[in-house]
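# A structural walkthrough
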Amino acid sequence: LRLLYLNNNLLTGTIPPSLMQMRKLKGIFLNDNNLSGMIPYNIDDEEKANLLTIRVQHNRLTHMVASEICNLDVNIGDYELVELGVDCEICPSSCSLCSHRCY
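Residues numbered from 1 in each chain as written. Predicted model: local features only at pLDDT ≥ 70, side-chain atom pairs only at ≥ 80, totals over all residues. Heavy atoms only, no water.

## What about the sheet that holds strand S4 (residues 34-37)?
Operational definition: Pairing between strands requires that DSSP locate at least two bridges from one strand to the other. Helix and strand assignments come from DSSP, with helices taken as H or I runs of at least 4 residues and strands as E runs of at least 2, each series counted from the N terminus.
Taken together, the three strands give an open sheet; going across it, the order is S2-S4-S6, and neighbouring strands pair in parallel fashion. Each edge of the sheet is formed by a strand with only one pairing partner; in this case those strands are strand S2 (12-14) and strand S6 (60-61). Bridge count between S4 and S6: two bridges; the pairing is parallel. Within S6, the residue paired with Gly37 across the bridge is Leu61.

This is the structure we're talking about:
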């Protein structure tokens, strides 16, 4: 599985941590649901190198985006994350992936 599109599906609950450990996953699209909690940040090294897009905006997430996710920015390290779509309320000002483009 390379791209997971589950946006606009009325999903509830939390984002399973195991989802962030899928080694070949390039994009996670969970936006426009009713998910709560946080974006899991227990991402293994191989997954960190592959993940390009995380979109979770327009949910009910309440925890700030973890620095472990912000540090996956393609512009500041060895990783490839180029897009992090989150609501402005959970985007830290220090996170360049979402601070200039949040929802």
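## Things to note about the state of the cysteines
Defined as follows: Put simply, a disulfide is two cysteine sulfurs that come within 2.5 Å. Relative accessibility thresholds used throughout: buried, under 20% of the residue-type maximum; exposed, over 50%; partly exposed, between the two (1.4 Å probe, protein chains only).
Scanning all chains against the criterion turns up three disulfides. One disulfide bridge connects Cys88 with Cys102, the sulfur atoms lying 2.0 Å from each other. Across the disulfide from Cys88 to Cys102, rotation about the S-S bond amounts to roughly 95°, and the bridge is consequently right-handed. Here Cys88, found in the segment after strand S7 (83-85), pairs with Cys102, found in the segment after S7; they are 14 residues apart in sequence, far enough to count as distant. The class for Cys102 is partly exposed, based on a relative accessible area of 28%. In this model Cys91 forms its disulfide with Cys98; the gap between the sulfur atoms is 2.1 Å.

Note that every value here comes from positions in space, so none of it alone points to a role or purpose.
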